[in-house]
Each structure stands twice: as C-alpha cells, then as structure tokens.
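# Summary of structural features
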Amino acid sequence: MADSRVWINGELIPADQASISVFDHGLLYGDGIFEGIRAYNGRVLKLTSHLKRLYESAGYISLKMPYSIDELDQAVRETLAANDKTDGYIRLCVTRGTGTMGLNPYLCEKATVFIIVCDIKLYPAEMYEHGMAIITAATIRNHPEALSPRCKSMNYLNNIMAKIEAINAGVAEAIMCNHQGHVAECTGDNLFLVKHESDKPVLITPGLNAGILEGITRNLVIELAEEAGIEVRQMDVTRYDVYTADELFLTGTAAEVIPVTKVDARPIGTGKVGPISQQLITRFREVVDNAPED
Ligand code: PMP
C-alpha cells in the first residue's frame, strides 16, 4: 500500500490518497462494472478478452465508456509499471460516476474509471494440492432476465449471499444453481466436472444459457482441454451430475484452476485430485508462465 499507485480517470495517484465521491452511483447503487485481470512474468494474461468483456458489460447496462479499448489497454500496463510489478492482480473498475440521489444514470456526469494493482492469494496452497471442499448454496444465481450473470456488474450481493452460506458452513466456495435448479457456477468461479465414460474422460461445464459469467479462465481451460484431445461438453448440469462426477474443479482469474474433492460433505470420485484435473492444472501453469499476450 505504502508506495502503490492507483490510476483514476487518467491520473496515477498514491493509493492512500485515491478516492471517489460518496455521490458516485457505483457506491450508491452498485451501478458499475469491473474486471479482475492477472499479470504473470510481466505479461497481462488475456487482456484483450477482459477488455472485450468489460465493453460488453458496459453495453448491457448502457454505460458510456469514457476511454477507448486501446486507452484502457495502455492504462492497465501503465498502472502495472507504476507499481513496479511483473506479477499481480489488476482490478479495473468503471462506475456510472457522480450523480444525484435518484436512480437516473443519465444524470451522472461521466463514468469513473479506476485501476488497482495488488497481490492476490485467494486460497491456501494446501487446497491446490489436495482439493477444496465446497457446498451447494440455497441462494440461487440472479435470474438472467433480472440481471444477466454474463454482465460482470459491481453488484455482487447475489454472490455474497452465497459466499456467506459457504463461510458459515466452514468452506471457501459455494455452488450456485440457477432459477431452473440447474448448476450454474460458484460465487466467483466457473465449475467443471469430469466424467470417465467407458475409459474416455469427458469435461462437462454449464453452458452460457445456465446463467453464468463467461469466464476468461473457463474459456482458456476449454481451449487447453480440446488441444489435449479431451472432449468438452457445455450442457445442463444437475446436482446429480456433481455428486456422481469423477472429478471436479473450479476456474477463475484469481483462483486459477483449483480442484474440488468434496461437495456438501460428500467425497467426489475417489475423494482425491483426479488425473484430468491434475493434467489441466499443470497445462494451465505452463501456459500462464509462458503465454504470449492475446
Ligand atoms: N463467475 C463469477 C461469478 C466470477 O465472479 C468470476 C470471476 N471472479 C468467474 C466466474 C470466473 O471468471 P474469470 O475466469 O474471467 O475470472
């Protein structure tokens, strides 16, 4: 924190002096969008994909972006350099901006954009090695026609409600089902399961219509699995599928690829990290450590 700098509306400001207005609708109404991005070895992973998703989120909520994609690309790199970091987590936020007490977003002057660079360690190393335990939350994911989970909005209360259930149950993550009762995703991660069908592994993950965020890590893992000759199916997933899966893992920018060995106190498969999960975790590491930028 001491020497770190935050980019706000085009300026790099010492972190302890970085602030936004209490009249900002991002704060008053959760009216805004964001991206969580990672830098590995001085390279920003999938920055183009993150910026594309950010602009799609902006389009969905009718938020006029005050900077071009190229300008934000530059700003992210500038903030990383200003913080003297080659590895780190980048939080790029866009709020509706300062406005009146009413909801009307069109009365807000101009969107506020800020970029924070920090370190992140989401889960303990032990969980990556031996797998994590998760639960199924009673809280369902936002109905896609209420607030589409495909929009990475600043309003995370839906996910936070499920996260509270997880923490109260003594675990770090929770599966969220959608309004149809199908498995959607976790509070901050996408979900994959592996089924060994007559000795051929199949990777299964809920499709976009399940009401999920289209994770950048999810898409990368799908790509890596297909490259490795593993069949990938995007389809409806039920809790039956989860409980009877041979392997399970989660993906996310902050979490990376993390195996799950227990759901609702039931062991998944052998109760140990499975071979396909291990293979994809290893391949993911190779890619992020050596990947060219996209
Ligand atoms: N689902 C939700 C609800 C998320 O918040 C995130 C990001 N933390 C993900 C999935 C994973 O997306 P990504 O791989 O792009 O980080």
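The structure presented is a predicted model; accordingly, all values stated were derived computationally and were not measured. Residue indices follow the written sequence of each chain, beginning from 1 at its first position. Only residues with pLDDT of at least 70 get local features here, since the model is predicted, and only at 80 or more are side-chain atom pairs given and counted; chain-wide, interface and lining totals rely on the full set of residues. Calculated side-chain values reflect all of the structure's heavy atoms, with hydrogen atoms and water omitted.

### Here's the deal with the nonpolar core
Remark: nonpolar core denotes a set of buried residues (Ala, Val, Leu, Ile, Met, Phe, Trp, Tyr, Cys) joined through side-chain atoms within 4.5 Å. Buried, partly exposed and exposed residues are distinguished by accessible area as a fraction of the type maximum, computed with a 1.4 Å probe on protein chains only: under 20%, between the cut-offs, and over 50%, respectively. Counting residues in each nonpolar core, the largest one holds 25 residues, and the members touching the most others are I33, L54, M65, L72, I90, L92 and V94. Those elements that provide at least two residues to this core are β3 (32-40), α2 (47-60), α3 (69-82), β5 (88-95) and β6 (112-118). Two residues qualify as a contact provided that any one of their heavy atoms is within 4.5 Å of a heavy atom in the partner residue. Those residues within four positions of I90 in sequence are excluded, and the remaining contacts are E35, G36, I37, A39, V44, V76, L80, I115, I116 and V117. Think of it this way: any DSSP run of H or I at least four residues long counts as a helix, any run of E at least two long counts as a strand, and we number them from the N terminus.

### Focus: the site of the ligand
It suffices for a single heavy atom of a residue to lie within 4 Å of a molecule or strand for the residue to be listed as near it. Looking at the ligand, there are 18 residues lining it, with Y156, E185, I216, T217 and T253 nearest. Polar contacts, as counted here, are pairs of nitrogen or oxygen atoms within 3.5 Å of one another; within protein the pair requires one atom able to donate a hydrogen and one able to accept it, and residues that are adjacent in sequence qualify only if both atoms are side-chain atoms. At 2.9 Å, a backbone N or O of G188 approaches a nitrogen atom of the ligand. Between the ligand and I216, the relevant distance is 2.8 Å, taken from an oxygen atom to a main-chain nitrogen or oxygen of the residue. Per-residue accessibility takes into account occlusion by the displayed protein chains alone, with areas from the Shrake-Rupley method and a 1.4 Å probe. When the ligand sits alone it has 390 Å² of accessible area, and the protein chains cover 93% of it. Counting residues per element, the ones that place at least two in the shell around the ligand are β9 (183-186), α6 (216-227) and β13 (247-252). Considering only residue class, the shell around the ligand consists of four nonpolar, nine polar and five charged. Three classes are used, and their members are as follows: Ala, Val, Leu, Ile, Met, Phe, Trp, Tyr, Cys and Pro are nonpolar, Asp, Glu, Lys and Arg are charged, and the others, Gly among them, are polar.

### A closer look at the pairing of β6
On a regular strand, each side chain points to the face opposite its neighbour's, so the side chains alternate between the two faces of the sheet. Across the seven residues of β6, five count as buried, placing the element largely inside the fold. In this scheme, strands are said to pair when DSSP sees at least two bridges between them. Where strand β1 (residues 5-8) meets β6, two bridges bridge the pair, whose relative direction is antiparallel. Its bridge partner lying in β6, I8 is registered against F114.

### So, α3
An α-helical turn contains 3.6 residues, so a residue and the one three or four places further along point in the same direction. Between the first and last C-alpha of α3 there are 20 Å, a value that for 14 residues agrees with the 20 Å anticipated at 1.5 Å per step. By the burial criterion, the buried members of α3 are L72, D73, A75, V76, T79 and L80. Angularly, the buried residues of α3 cover 165° about the axis, an arc narrow enough to put them on a single face. Of the exposed residues in α3, those oriented more than 90 degrees away from the buried face are D70 and A81. One or two positions beyond α3, positive phi appears at D84, with a value near 55°. Given the number of residues in a helix, its expected span is that number minus one, multiplied by 1.5 Å. Picture the helix axis, draw a direction to every C-beta atom, and the arc is the one those directions span.

### What to know about the sheet that holds β5
The six strands are arranged β2-β1-β6-β5-β3-β4 in an open sheet whose pairing can be described as antiparallel. Bordering the open sheet on either side are β2 (11-14) and β4 (43-44), each of which pairs with just one other strand. Contacting β3, β4 and β5, α2 crosses the sheet at an angle of about 175° to β3. What counts as an axis is a line fitted to C-alpha atoms, over the stretch in contact for a helix, and the angles between N-to-C directions run from 0 to 180 degrees.

### Considerations on helix α5 (residues 157-168)
Here α5 is twelve residues long and its end C-alpha atoms lie 16 Å apart, about the 16 Å a rise of 1.5 Å per residue gives. Residues of α5 that are buried: N158, N159, A162 and A166. Looking straight down α5, one finds that the buried residues subtend no more than 90° of arc, so they occupy a single side. Exposed and oriented more than 90 degrees from the buried face of α5 are L157, I167 and N168.

### Let's talk about the packing of α6 against helix α8 (residues 275-290)
Contact geometry of α6 with α8 gives a least axis separation of 10 Å together with a crossing angle of 110°. Classified by the angle their axes make, α6 and α8 are roughly perpendicular. Facing T217, L220, V221, L224, A225 and E227 of α6, the residues of α8 in contact are L280, R283, F284 and V287. Across the contact of α6 with α8, the residue classes break down as seven nonpolar, one polar and two charged. With respect to orientation, any angle under 35 degrees is reported as roughly parallel, any angle over 145 as roughly antiparallel, any angle of 65 to 115 as roughly perpendicular, and every other angle as oblique.

### Focus on the domain arrangement of the protein
By convention, interface size is frequently given as the accessible area that disappears when the constituent parts associate. On domain assignment, one finds that the protein holds domain 1 (5-118) and domain 2 (125-289). With 25 residues of domain 1 at the interface, the matching set in domain 2 holds 24 residues. Salt-bridge detection follows one rule: a side-chain nitrogen of Lys or Arg within 4 Å of a carboxyl oxygen of Asp or Glu. Taken together, domain 1 and domain 2 are joined by one salt bridge. Salt-bridge contacts for E256 lead to R38; the nearest nitrogen and oxygen are separated by 3.0 Å. On the surface where domain 1 and domain 2 come into contact, there are eleven residue pairs in polar contact (both at pLDDT 80 or more). What fixes the domain bounds is an automatic or database domain assignment.

### So, the packing of α2 against α3
The interhelical angle for the contact between α2 and α3, taken along N-to-C directions, is 125°, at an axis separation of 11 Å. Our classification of the angle between α2 and α3 gives oblique. Relative to α3, α2 is oriented so that their crossing is right-handed. Of the residues in α3, those touching α2 at L47, L51, L54 and Y55 are I69, L72, D73, V76 and R77. When its residues are assigned to classes, the contact of α2 with α3 shows seven nonpolar, no polar and two charged. Put simply, a crossing is left-handed when the front helix is turned counterclockwise from the back one by less than a right angle, and right-handed when it is turned clockwise.

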